[in-house]
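Here is what each chain is made of, one letter per residue.
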Amino acid sequence: MTGLILSSAELDPRRRRILFRCWHRGIREMDLILGQFAEAEIATMDDATLDELERIMSEEDQDLVKYITGASPVPAHLQTPLFERIAACRPDFSPVTLEGLGRSE
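Residues numbered from 1 in each chain as written. Predicted model: local features only at pLDDT ≥ 70, side-chain atom pairs only at ≥ 80, totals over all residues. Heavy atoms only, no water.

1. Examining the side chain of R15
With respect to the element layout, R15 can be found in helix α1 (residues 13-23). Judged by its relative accessible area of 12%, R15 is buried. Of note is the side chain of R15, whose polar atom sits 2.9 Å from the backbone oxygen of I42. Every residue in contact with R15, bar those within four places of it in the chain, is listed here: I42, A43, M45, D46 and L50. (Helix = DSSP H or I, 4+ residues; strand = E, 2+ residues; numbered from the N terminus. Buried < 20%, exposed > 50% of the residue type's maximum accessible area, 1.4 Å probe, protein only. Polar contact = N/O pair within 3.5 Å; in protein donor to acceptor, adjacent residues only side chain to side chain. Contact = heavy atoms within 4.5 Å.)

Okay, structure coming up:
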């Protein structure tokens, strides 16, 4: 999950731009969260949903990661069905441990 799987050739310019921005956030966690979400859903989003996605994308990455992982409460303006769908498709950010790999020191 390190980059585009969806071909953006069939998308209109706005969707291509949003998809690119979702995969190039600035921090890898948000690339994975928004990139994977956008790949799965951007082709079927209506204009109002695209507007809302762009509003969510205007938030600071560090804040979004905290909201999505539960480290900080989600502010009221982000408590929307779209934000919940984005948060639901997040990768597992649990730290990798030797125990988790079936090894011990």
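2. A closer look at the packing of helix α3 (residues 47-57) against helix α5 (residues 81-88)
Between α3 and α5, whose axes approach to 10 Å, the crossing angle comes to 65 degrees. Crossing angle aside, the handedness with which α3 passes α5 is right-handed. Facing T49, E52, L53 and I56 of α3, the residues of α5 in contact are L82, F83 and I86. Residue composition of the contact of α3 with α5, grouped by class: five nonpolar, one polar and one charged. (Axes fitted to C-alpha atoms, helices over the stretch in contact; angles between N-to-C directions. Left-handed = near helix turned anticlockwise from the far one by under 90°. Nonpolar A, V, L, I, M, F, W, Y, C, P; charged D, E, K, R; others polar.)

3. Brief notes about the packing of helix α4 (residues 61-69) against α5
Packed helices, taken two at a time, are described by the angle their axes make and the gap between the axes. The interhelical angle for the contact between α4 and α5, taken along N-to-C directions, is 80 degrees, at an axis separation of 9 Å. Classified by the angle their axes make, α4 and α5 are roughly perpendicular. Contacts between α4 and α5 involve L64, Y67 and I68 from the first element and F83, I86 and A87 from the second. In terms of residue class, the contact of α4 with α5 is made up of six nonpolar, no polar and no charged. (Parallel < 35°, antiparallel > 145°, perpendicular 65-115°, else oblique.)

4. Points about α1
Since the α-helix packs 3.6 residues into each turn, any two residues three or four apart lie on the same face. Of the positions making up α1, those classed as buried are R15, I18, L19, C22 and W23. Down the axis of α1, the smallest arc covering the buried residues is 130 degrees, so these residues share one side. The secondary structure elements touched by the buried residues of α1 are α2 (28-41) and α3. The N-cap of α1, judged by a side-chain oxygen 3.0 Å from the amide nitrogen of R14 a few residues on, is D12. (Arc of directions from axis to C-beta.)

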